[in-house]
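Fold and geometry: a report
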Amino acid sequence: MNPDLAPSTITGIPLPVMLVDRAERVHAMNAPAEAMFGPGGTGRHYITVLRQPALLDCVEESLRLRQTRKVRFLTTDMAREATYEVIASPLGPEGEAGVVVAFTDITEREQMGQIRRDFVANVSHELKTPLTALLGFIETLKGPARDDATARERFLDIMEREAARMNRLVSDLLSLSRVEAEERMRPDTRADVAALLRSAVLTLRPLAAESGVEITLEGADRAVPVLGDADQLTQVFQNLIENGIKYGGSGGTVRLVLTLSERELAFRGPGVRIDVIDRGEGFDPVHIPRLTERFYRVDSHRSREMGGTGLGLAIVKHIVNRHRGRFRIDSTPGEGSTFSVMLPVA
Ligand code: ADP
């Protein structure tokens, strides 16, 4: 037998691999290939084993031209859609033994590509809306409303709002990319969570007052040291409190509760938990798993109306991950929501 066709050469390879000889028969399949195409393929014509036209063309061309050929192959295995990159390459000197066909699972790479494309499309869409509004008002101000002082005032207000929205979006995008870049670097400075919460409350009280909301803080009287980035943790608390005011404001209060525990199971040591609780409208818990995705909103119209970017909770999640903490969301429609951050205590 041609030594290039020894089946043992492919048995240990963790990817699906098969050998096809010059007589166009499947000469050997390793276990992953059998799992993919079913057992009993060995000895049969490759057409009856592989079946997909694009895959057949790839193997046929590689056999005929004695050159490497590549193709993408889609399957549904174990109820999951998977994409493989298939490479058929000549085997033995001048390809005289046949071809070896190897399957690499590129599903994850494809998904990453899709996520990136969706992200770019989302950002473009989010920026396009305020930009279109701005361009429209500039046009009107230069033309029909040129000498209309009242209209000018009104339009300038709207333009200011739209420009501020773009500004917030760009700041949030920058924050997100910075946090993502640093996610693997654990903070090495000490921060006092209680003090950060107190100052976040002071910063946001005026905003809360504008919406008739009262912020209360419990358990933050003594210092709670964590290994943490003070600016980033402040951003976490501010984002959650702001959301409480924006979406939970109808309940009249946003309650912050800080609880220490000597032994937090998740950290195998002491931990601190910060609950941001509102008694507002809440939402159906089906949304919870997706809320920390970028641009995911329960109600897009409402979020935009409130000046939201849809990035706040994505930023929170990344910062909490960087601090090796945990982030939990609970909500009951009509009763309110609780957003909890748990951090290991230093
Ligand atoms: P946004 O900029 O839209 O506020 P976030 O990422 O901060 O973006 O929040 C995502 C979505 O989660 C919001 O659009 C809103 O639908 C929902 N949400 C966040 N916080 C609350 C809350 N306290 N009560 C009700 N819904 C909330």
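Residues numbered from 1 in each chain as written. Predicted model: local features only at pLDDT ≥ 70, side-chain atom pairs only at ≥ 80, totals over all residues. Heavy atoms only, no water.

The next point concerns the site of the ligand. In the vicinity of the ligand lie 20 residues, with Tyr247, Ser303, Thr309, Gly310 and Leu313 positioned nearest. Note that an oxygen atom of the ligand is positioned 2.9 Å from one of the side-chain N or O atoms of Asn243. In the model, an oxygen atom of the ligand is placed 2.6 Å from a nitrogen or oxygen of the Ser303 side chain. Relative to its unbound accessible surface of 530 Å², the ligand loses 97% to contact with the protein. Listing elements by their share of the shell around the ligand, those giving two or more residues are helix H8 (230–248), helix H10 (312–322) and strand E12 (336–344). Among the elements that take part in the shell around the ligand, H8 stands out by supplying four residues, more than any other. Looking at the shell around the ligand, its residues break down into eight nonpolar, eight polar and four charged. (Near = heavy atom within 4 Å. Polar contact = N/O pair within 3.5 Å; in protein donor to acceptor, adjacent residues only side chain to side chain. Areas by Shrake-Rupley, 256 points an atom, 1.4 Å probe, with all protein chains shown as cover. Helix = DSSP H or I, 4+ residues; strand = E, 2+ residues; numbered from the N terminus. Nonpolar A, V, L, I, M, F, W, Y, C, P; charged D, E, K, R; others polar.)

Once that is clear, we can look at the environment of Arg66. As for its placement among the helices and strands, Arg66 is situated in the loop between helix H4 (53–65) and strand E3 (69–77). Owing to a relative accessible area of 37%, Arg66 belongs among the partly exposed residues under this scheme. The sequence separation of Arg66 and Ser89 amounts to 23 residues, and the corresponding C-alpha distance is 7.5 Å. The contacts of Arg66, once residues within four sequence positions are left out, are Arg22, Glu61, Pro90, Glu94, Gly95 and Glu96. (Buried < 20%, exposed > 50% of the residue type's maximum accessible area, 1.4 Å probe, protein only. Contact = heavy atoms within 4.5 Å.)

Between two packed helices, the angle of one axis relative to the other and the distance separating the axes together describe the packing. It is the contact of helix H7 (residues 193–210) with H8, at a shortest axis distance of 9 Å, that shows an interaxial angle of 40°. As the angle between them shows, H7 and H8 are arranged oblique. Read as a crossing pair, H7 and H8 show a hand that is right-handed. Note on element contacts: H8 touches H7 through Ala230, Leu233, Thr234, Phe237, Gln238, Ile241, Glu242 and Ile245, opposite Val193, Leu196, Leu197, Ala200, Thr203, Leu204, Leu207 and Ala208. (Axes fitted to C-alpha atoms, helices over the stretch in contact; angles between N-to-C directions. Parallel < 35°, antiparallel > 145°, perpendicular 65-115°, else oblique. Left-handed = near helix turned anticlockwise from the far one by under 90°.)

That's the geometry; what it means functionally is another story.
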